[in-house]
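Residues per chain are reported as follows:
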Amino acid sequence: VFLDPTDGTLNRMLGAVGGPVPDWLQTYPMLSLCVYNTWRGTAFSMLLFDAALRGIPVSFYEAAAVSGASALRQFWDVTLPMLKPQLMTDMMMITLWTFNDFSPYLLTGGGPAFRTEVLPIFTYRVAFRSFDLGYGAALSMLLLVVNLGLAVIYMRSMKKKAA
């Protein structure tokens, strides 16, 4: 429904401001997947940051205001440092979810002409459509190693910031 060419949410929003209303999946297939993934991940990020912002004690802002800090200075000195753990968690989760996302297949089936075929979909097609299980297993191991590498990078950067 989001990317429907005639009555989709995206085309309704663009039409309301006078923008173009193309058939997203046919005209801009990879861009439409990026927009879809951003739309889908925004809700998780908003919930995470809402909870994190509610956890920052008001006394921190009061102390900064008494010290004469502007709103921008309060953001840089109070809000941002308190949100860094949640920011890193959000980046790690969104990156891993995006890298392993299989929902583009539900939207496009890999088409048109395999232009929206991301690595998890390619792995599925190789292993279960072409019945090349060895190559599919190798691709799956590649996905695992890349995900593990990304997770280690995020975990180390969080550990450095905590120390």
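Throughout what follows, the structure given in this document is the object of discussion.

Rules used in this analysis
- Residues numbered from 1 in each chain as written.
- Predicted model: local features only at pLDDT ≥ 70, side-chain atom pairs only at ≥ 80, totals over all residues.
- Heavy atoms only, no water.
- Helix = DSSP H or I, 4+ residues; strand = E, 2+ residues; numbered from the N terminus.
- Rg over C-alpha atoms; globule rule 2.2 N^0.38 Å.
- Buried < 20%, exposed > 50% of the residue type's maximum accessible area, 1.4 Å probe, protein only.
- Contact = heavy atoms within 4.5 Å.
- Areas by Shrake-Rupley, 256 points an atom, 1.4 Å probe, with all protein chains shown as cover.
- Lys, Arg positive; Asp, Glu negative; His and termini not counted.
- Charge placed at Lys NZ, Arg CZ, Asp CG, Glu CD.
- Expected span 1.5 Å × (residues − 1).
- Bend = angle between axes of the 7 residues up to and from the residue.
- Core = buried A, V, L, I, M, F, W, Y, C linked by side-chain atoms within 4.5 Å.
- Salt bridge = Lys/Arg side-chain N within 4 Å of Asp/Glu carboxyl O.

Looking only at helices and strands, one finds 8 helices and 0 strands in the protein. Walking the protein from its N terminus toward its C terminus, one meets helices and strands in the order α-α-α-α-α-α-α-α. Over its C-alpha atoms the protein spans a radius of gyration of 21 Å, topping by over 25% the 15 Å that the globule rule assigns to 163 residues. Along the first, second and third principal axes, the C-alpha atoms of the protein reach 65 × 45 × 20 Å. The buried share among the 163 residues of the protein stands at 28%. The long-range fraction of contacts in the protein, counting pairs at least 24 apart against all pairs at least 6 apart in sequence, stands at 51%. Per element, the accessible surface of the protein, about 10500 Å² overall, is 69% carbon and sulfur. Distance from the positive charge centre (12 side chains) to the negative charge centre (10 side chains) of the protein: 10 Å.

It is worth spelling out helix H5 (residues 71-99) at this point. Spanning 29 residues, H5 covers only 36 Å between terminal C-alpha atoms, well under the ideal 42 Å at 1.5 Å per step. Of all the bends found along H5, the most pronounced is centred on Lys 84 and spans about 50 degrees, while Pro 85, a proline, follows it within four residues. Buried residues of H5: Gln 74, Val 78, Thr 79, Leu 83, Met 88, Asp 90, Met 92 and Leu 96, and no others.

Turning to the nonpolar core, a few remarks are in order. By size, the foremost hydrophobic cluster in this structure holds 6 residues: Phe 2, Leu 3, Leu 10, Trp 24, Leu 25 and Tyr 36. In contact with Tyr 36, other than residues within four places in its own chain, are Phe 2, Leu 3, Ser 103 and Leu 107.

This part takes up unusual backbone geometry. For residues besides glycine, phi is generally negative; the peptide bonds are generally trans as well. A positive phi angle is found at Phe 131, which is not glycine, with a value near 55 degrees. Checked against the element boundaries, Phe 131 lands in the loop between helix H7 (119-129) and helix H8 (133-162).

Per the counting criterion, the structure on display carries 4 salt bridges. Between Asp 7 and Arg 12 there is a salt bridge whose closest N-O contact spans 2.5 Å. Assessed through its relative accessible area of 43%, Asp 7 is described here as partly exposed. Asp 50 is the salt-bridge partner of Arg 54, the closest N and O atoms lying 3.1 Å from each other. In this pair, Arg 54 and Asp 50 are both assigned in helix H3 (residues 29-54), 4 residues apart and thus about one turn of the helix distant. Residue Arg 54 is classed as exposed on the basis of its relative accessible area, which comes to 67%.

Our focus in this paragraph is the environment of Phe 49. Relative to the helices and strands, Phe 49 resides in helix H3. Measuring from C-alpha to C-alpha, the distance between Phe 49 and Asp 90 comes to 8.8 Å, with 41 residues separating the pair along the chain. Not counting the four nearest positions on each side in its chain, Phe 49 is found in contact with Gln 86, Leu 87 and Asp 90.

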